Amino acid sequence: MLTIRLIGHEHFYPLCDVARLFTGVIPRVDGDTIRVDVPSEAVIESRLSEGKALTSVVEGFPELVGELRAVRKQEDLPSSRECKRQLYVLLSRAYGKEFPWGALTGIRPTQVAREVDRAEDLMRIYGVREDKAKLAFATMRGEDDVLADSDPESLHVYIGIPFCPTRCAYCSFVAQEAPRKTKLLPSYAEAVLRELDLVLPKIRKPIETLYIGGGTPTVLDDELFTEFIRGVFSHPEFSSLREVTVEAGRPDTITEKKLAALREAGVTRICINPQTLSDATLLRVGRKHTAEDFLRKFELARSMGFSVINTDLIAGLPGESAEEFCDSLSQLIGLGPENITVHSLSKKRRADLSREEVLREQEEELGKMEQMLSFSSRVLSEAGYAPYYLYKQKDTLGGHENVGYQKDGTSCIYNVAMMSDQRSVLSFGAGGMSKRVFLQEESHQVRIERCPCIKDAIQYIENVEKMAEKKVLFFQTEGK
Ligand code: SF4
């Protein structure tokens, strides 16, 4: 058992993140103690006293005998970040491991890049590897270019359709399989339109972008989709948007009629996501389409005038080799989509493997992931793509990142607004999270207030008036 005692502070979550990164085990919080169920016995103290942090080994970790067994405060950081950084340094010595993003867990790397002067500072303070530190800075510059042209007071609207034709094996999203919920789709679409009717006229801020995402919005059938899109764009608040993006993620849901409905509404930016161009992998992960289906729908969208197409790929799909991933990416680049987003997959732990086997498997997977991601950043840069938004998910193997690349200045403003946490977002639909961002003058810090919406689609339909009322109030009141 690894035990971490917190003295003088309650920064449980940041420390749990770090403990999980090194051990692969979900920690338990028990009073003022974090317990991690690993075979070796060790006790660490994370102490905060008069603003000074000190992290030290009380018991165990014989590897550290003769080495420094305590990490003193060295950096002028917020206390939660300093406690996390110290624990990272200590566990890194104890386990003889380092991770590409170092102590940057549970925080946006571009946000931290804004606080320091140079990539070297990310490496020195947080133990970030050189290539990742440079990636954080390059992405921050891409984000800043987009933000410089965006009104800080503006709102960015998200409409969520949390249904998909089938569930992909790797999905961690709340999406529901549409075939089982077919009867629900018309009432869901109607509820979203009702919510728009109730909320939009009462919002006083300018709306800059609209993003219709999911799930898979194109899961609605031709007639319902067309009706829904017409309903959405009948709102005068959406008549002078700078950008509209619609996810048509699963190629098996795309039809000419749906694309025509989008073009009729003036939409020119969509996402068509193959995730891989290996048919064997697509079959394995339960996506009911082939690489050929993707290629046909991509060409159809191009021929109908969609001038910005985003395509997503996932590194680390089950059973996929680094060669297959690299081959998919090379084929995609050949097609010339304006945006390519490369995701890193988080791996679920197999129940039939021992902890040692899991760790061994993770080491192998990590090596493969490294190969895929470094190939991505090299060939995308050679092909003229630049990173413009980046985020990390908690359970991604090795704490790797998801990166959006763009070429020829086609960054998606909504993605930057959303992922950089620098702009407010008004969400419609079940499970949507609205947020108000308060930028702090002079510093790069932001304060965020959030307003969640019911996740369950049936409950959402039944409570749409209440949800609308809550949202209007949220955006009308002064921030605390
Ligand atoms: S398309 Fe996306 S949201 Fe839908 S099941 Fe697959 S991974 Fe989940």
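Residues numbered from 1 in each chain as written. Predicted model: local features only at pLDDT ≥ 70, side-chain atom pairs only at ≥ 80, totals over all residues. Heavy atoms only, no water.

### Notes on the site of the ligand
As a reminder, the rule being used: Any residue with at least one heavy atom within 4 Å of a molecule or strand is counted as near it. In this classification, Asp, Glu, Lys and Arg are treated as charged, Ala, Val, Leu, Ile, Met, Phe, Trp, Tyr, Cys and Pro as nonpolar, and every other residue, Gly included, as polar.
Taken together, 12 residues surround the ligand, and among them C164, C168, Y170, C171 and R250 come closest. In terms of residue class, the shell around the ligand is built from six nonpolar, three polar and three charged.

### Considering the packing of aromatic side chains
Threshold: Whether two aromatic rings pair depends on their centres lying within 6.5 Å, for rings of Phe, Tyr and Trp, where Trp uses its six-membered ring; planes under 30 degrees apart make the pair stacked, over 60 edge-to-face, and the rest tilted. The helix and strand labels rest on DSSP assignments: H or I over at least four residues marks a helix, E over at least two residues marks a strand, and numbering proceeds from the N terminus.
Within the structure shown, the criterion is met by 13 aromatic pairs. Their ring planes at 45° and their centres at 5.5 Å tell us that Y188 and Y460 sit as a pair that is tilted. Of this pair, Y188 sits in helix α6 (residues 184–199) while Y460 sits in helix α14 (residues 457–462), placing them 272 residues apart in sequence. Centre to centre, the rings of F294 and F298 are 5.9 Å apart; their planes meet at 50°, and the pair counts as tilted.

### Digging into the domain arrangement of the chain
Basically, it comes down to this: Segment limits for the domains were obtained from an automatic or database-derived domain assignment.
Domain assignment breaks the chain into domain 1 (2–97) and domain 2 (145–471). Relative to domain 2, the C-alpha centre of domain 1 lies at a distance of 36 Å.

### Let's talk about the pairing of strand β15 (residues 386–392)
Two faces make up the sheet, and in a regular strand the side chains alternate between them. This is how it is decided: Type-normalised accessible area, obtained with a 1.4 Å probe on protein chains alone, sets the label of each residue: buried when under 20%, exposed when over 50%, and partly exposed for intermediate values. Here a strand pair is declared whenever DSSP counts at least two bridges between the two strands.
For β15, the tally of buried residues reaches six of seven residues, placing the bulk of the element in the interior. Pairing of β15 with strand β16 (residues 401–406) involves six bridges; the strand directions are antiparallel. The partner of P387 across the bridge, within β16, is Y405.

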